[in-house]
Every structure is written in structure tokens, then in C-alpha cells.
Amino acid sequence: MAQTWYIVHTYTGYEAKIERTIRMMLDAKELDPEVVLDVKVPVKEIVEVKDNKKKVRKDKFLPGYIMLNLNLPDLGWKKICSAIRHIEGVTGFVGTNPSDRPRPISVSEATRLLEQTGEIKAEKESAVSSYEIGNQVKITDGPFATFSGSVEEILADKNKLRVVVEIFGRQTPVEVDVTQVERIVV
């Protein structure tokens, strides 16, 4: 038995209902919690700014699909997969026929999907480490967009930089995300 992620195809709009159903089946011991380890509906947070008000909403970035972390046994996998396939709104496991053993997604693909959902932290350390104190940068996004300055401090744990910019003739430190700056090549 190997713990891997699988993608299950569902009717669009049924994802949350199917997730609740699988969790209820786990609680009722209809599905073995040692086999069905986790179920996720891949969503990402979208931040919108309207009328100077910040609104955060969650959007499905894979509508019609859910992710299952399964530890499928070599014997008895058909019973488990059949129970999942017979949930109302499930059309089947992606990439397989109903009579075949489901194919898991690769570890790198599962990691990428979980990073997009925010379940695991993306490896952004390399972005922070590409800057050094004293580098000249231009802020490209946020309230200080178009300002230029020099890196005063690197906040690797937050994935941010403290940049000194000139505002109204005064040197002012501002904290910006690494994704909001670009290096000025001299």
C-alpha cells in the first residue's frame, strides 16, 4: 500500500457535497480512515478590491474535480473505489475505466496543486535569496508601485523585503512582497 493522491471527476457544483459525503462515510466507518486519508476540493483565494474595500473569495480552480489521498491496498481496492464511484455526483477516477485500478497523480503534480490551494507552502526561498542588501529595485505592484529604492533588509520568513524609498523628500522604509519588486540592473 502506498499513500498517493488521486483525482476524482464529479458533476460541477457537487464538489463540496461529495467532500461532505466522503467525510460522513468516514465518520460512519463506511470507508476505512486508514485507506481514505484526506479529501480536498481544490480552491484558491481571490482578493478583489472594489471601492477601496478588500474582499476575499474562494474559487474552485478545478471545477468538477476533487482530490483524494488514498492508501489503496493491493487486495480490496475495488470495494473502496466502488463505494466512492457510487456517491451521487461522482463520475469516476480520472484516467481509468471503472473496472481498472485508479492511477494516482505524480508527487510533483500533487505538490503543485496543494501549493496552489495554500495547503502547503510554495518554495519561494529562492526568490528571496536572489536579493542582497543594497540591491536597487523598482516596486511594480501595490501602493508603492513605480517607486524605486534599495533593499535595506531581507525578511525571508515572510518572503518580503524592506526597501528604502524616497517619499516627499524623505527616506522611508516600506515592506513589500518579493513578487512586487524587480531588480534594477545597473
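Residues numbered from 1 in each chain as written. Predicted model: local features only at pLDDT ≥ 70, side-chain atom pairs only at ≥ 80, totals over all residues. Heavy atoms only, no water.

**Student:** I would appreciate a short explanation of the pairing of strand S9 (residues 160–167) in the present structure.
**Tutor:** Pairing between strand S8 (residues 148–155) and S9: 6 bridges, direction antiparallel. Among the inter-strand pairings, glycine 149 is bridged to a residue of S9, identified as valine 165. Adjacent in sequence and paired antiparallel, S8 and S9 are bridged by 4 residues, among which asparagine 159 carries a positive phi angle near 60°. Counted along the chain from S9 to the antiparallel partner strand S10 (residues 170–177), the turn is 2 residues long, and its residue phenylalanine 168 has a positive phi close to 55°. (Pairing = 2+ DSSP bridges. Helix = DSSP H or I, 4+ residues; strand = E, 2+ residues; numbered from the N terminus.)

**Student:** For this particular structure, what's the right way to read the sheet that holds S8?
**Tutor:** Within the open sheet, the 5 strands sit side by side as S10-S9-S8-S7-S11. Their pairing is antiparallel. The open sheet has two edge strands, S10 and strand S11 (181–183), and neither has a second partner. Averaged over all pairs of adjacent strands, the angle between their axes in this sheet comes to 45°, without regard to strand direction. Here strand S7 (residues 136–139) pairs with S8 via 3 bridges, running antiparallel. Of the residues in S8, the one forming a bridge with lysine 138 is serine 148. (Axes fitted to C-alpha atoms, helices over the stretch in contact; angles between N-to-C directions.)

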